[in-house]
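# Fold and geometry: a report
Here are the chains, one letter per residue:
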Amino acid sequence: MKFYNRERELNYLKTYCQLEPNSILFVYGPKSSGKSAVMRRVIKELEDSDLIFFYYNLREHATPTKDEFLNIFFEKGGKKYIKNNLIIDIKVCKFGVEEGWNVDDIKLNDVFRKIKENINTVIKEGKKPVLIIDELQKLKSIYFNGNGDKSLLNELFNLFVSLTKMEHLCHVICLTSDTLFIEEIYRNSTLENTSEYYLIDWLNKDCIKNILEEEGFNEEEINYAINYLSLPYEVSQLINNKKLGLSVEESIKQWINIEKDKIRYIIRENLNKKDEILKVLSKFRDNIKIKNEDIEDELFETLKILIENEILFYDVINGVIKPTSVKKWYAIKEVLKP
């Protein structure tokens, strides 16, 4: 996928990474809004600087248990590593462990101590570390599994506070599309006054128009497309579909039908809440965005279902809720038709 017109976001994050660490940064936005692509571009453009990036892509890990969480940080098995050596890769990095350590026996304090040791080693070598956790919401299963592992994430974020706000050792950047999860962590840790949010949102219509013009779309196709598209991957997919001979209208109608099926599937899977789901969705019949306070308290659990299933997105900073994409908004309106 091409990197689409994210200069403002790119410049913000590049500057942020080069300032003194002073807060945890939550980069949030609707699913597929391009958060990971922007972050990877930041890493690429700063690869010749004195920064060193530790990029944990949780998309590539199943993390429903404490043991699997620990294995994200520690290499398990018989491989030899020099003490304090760091293995760094754009897809995943793991902190090397001395030969003889048994991952299954590692205590939580050992994990956090080892992370801090490695960060201090990097600093002594004249580098400035930046720790990035992509797809933060993958850790939800640990937090809500009922096995008492909630403290695992609370302590992890307390460590992040120590690394950033208190000791100014390391930047910590978390990428996520689930802001309700962040709010839950907020209530049970020391994140208040120690973190910031940064929104990477939908592409604007002018940006989409410019891209499609460059790709040779005619005015009629562009005027149709900009009413439905909002995400980078949609633009990329539309360009590919045209090369395959599909019309703009045909592509978009197919996508809306797929989104309608997703919404109907969520309703079928939650039949006991069907009326509540339709009540929440009906608030988007005429408006693409609503205020958070427009959702009644008794509908909050239903709202969570729709957010967790990526039908809706909660913009925590601006206090609004909207579909995760414009085409999903059109699908919602189709589902609500009598």
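Just above, that's the structure.
Along every chain, residues carry numbers that run from 1 in the direction the sequence is written. Whole-chain, interface and lining totals are the exception, using all residues; otherwise, since this is a predicted model, local features are given only for residues with pLDDT of at least 70 and side-chain atom pairs are given and counted only at 80 or more. Side-chain descriptors were evaluated using all non-hydrogen atoms of the structure, hydrogens and water having been removed beforehand.

### Focus on the nonpolar core
- In plain words, nonpolar cores are sets of buried Ala, Val, Leu, Ile, Met, Phe, Trp, Tyr and Cys residues tied together by side-chain atoms within 4.5 Å. To sort residues, take the accessible area from a 1.4 Å probe on protein chains only and compare it with the maximum for the residue type: under 20% means buried, over 50% means exposed, and anything in between is partly exposed. Of all hydrophobic cores here, the largest spans 78 residues; its most connected members are Ile-24, Phe-26, Leu-136, Phe-157, Phe-160, Leu-212 and Leu-312.
- Put simply, DSSP H or I for four residues or longer makes a helix, DSSP E for two residues or longer makes a strand, and each gets a number counted from the N terminus. For this core, the element with the most residues is helix α6 (residues 150–166), which contributes eight residues.
- For Phe-157, the residues in contact, after removing those within four places along its chain, are Ile-24, Phe-26, Leu-136, Cys-174, Ile-185 and Leu-191.
- Ranked by size, the runner-up nonpolar core spans 20 residues in total, among them Val-38, Met-39, Leu-46 and Leu-175. We call two residues contacting when some pair of their heavy atoms lies within 4.5 Å.

### Some words on the packing of helix α12 (residues 274–282) against helix α13 (residues 300–308)
- For every element, the axis is a line fit to its C-alpha atoms; helices are fit only across the contacting stretch, and the angle between N-to-C directions ranges from 0 to 180 degrees. Taken N-terminus to C-terminus, the directions of α12 and α13 make an angle of 75°; their axes are 9 Å apart at the nearest point. Relative to α13, the element α12 is oriented roughly perpendicular. Across from Glu-276, Ile-277, Val-280 and Leu-281 in α12, the residues of α13 making contact are Thr-302, Leu-303 and Leu-306.
- Each residue receives one of three labels: charged for Asp, Glu, Lys and Arg, nonpolar for Ala, Val, Leu, Ile, Met, Phe, Trp, Tyr, Cys and Pro, and polar for the others, Gly being one of them. When its residues are assigned to classes, the contact of α12 with α13 shows five nonpolar, one polar and one charged. Oblique is the label for every angle not falling under 35 degrees (roughly parallel), over 145 degrees (roughly antiparallel), or within 65 to 115 degrees (roughly perpendicular).

### Considerations on the packing of aromatic side chains
- The criterion for an aromatic pair is that two Phe, Tyr or Trp rings (for Trp, the six-membered ring) have centres within 6.5 Å, with stacked assigned to planes under 30 degrees apart, edge-to-face to planes over 60 apart and tilted to the rest. One pass over the full model with this rule turns up ten aromatic pairs.
- Look at Phe-26 and Phe-157: their rings are 6.0 Å apart centre to centre, the planes differ by 25°, and that puts the pair in the stacked class. With Phe-26 in strand β1 (residues 24–28) and Phe-157 in helix α6, this residue pair connects regions lying 131 residues apart in the sequence.
- Seen from their ring centres, Phe-157 and Phe-160 are 5.4 Å apart, and the 80° between their planes marks the pair as edge-to-face. Note that Phe-157 and Phe-160 are positioned in helix α6 at a spacing of three residues, about one turn of the helix.
- For Phe-157, a relative accessible area of 0% gives the class buried.
- In textbook terms, an aromatic cluster arises when at least three aromatic residues are bridged by ring pairs, as seen for Phe-26, Tyr-28, Phe-157, Phe-160, Tyr-197 and Phe-313.
- Only Lys NZ and Arg CZ are tested; either one counts as a charge over a ring when it is within 6 Å of the ring centre and within 35 degrees of the ring normal. For the cation-ring pair, Lys-322 lies above Trp-202, with the distance from its terminal atom to the ring centre recorded as 3.7 Å.

### A word on the sheet that holds strand β9 (residues 312–315)
- Strands qualify as paired when DSSP identifies two bridges or more between them. The strand order across the open sheet formed by three strands is β8-β10-β9, and the pairing between neighbours is antiparallel. Since the sheet does not close on itself, it has two edges, and those belong to β8 (290–291) and β9, each with one partner.
- Relative to strand β10 (residues 320–323), β9 runs antiparallel, the two sharing four bridges. Each bridged residue has a counterpart across the sheet, and for Phe-313 the counterpart in β10 is Lys-322.

Treat this as a map of the structure, not an account of what it does.
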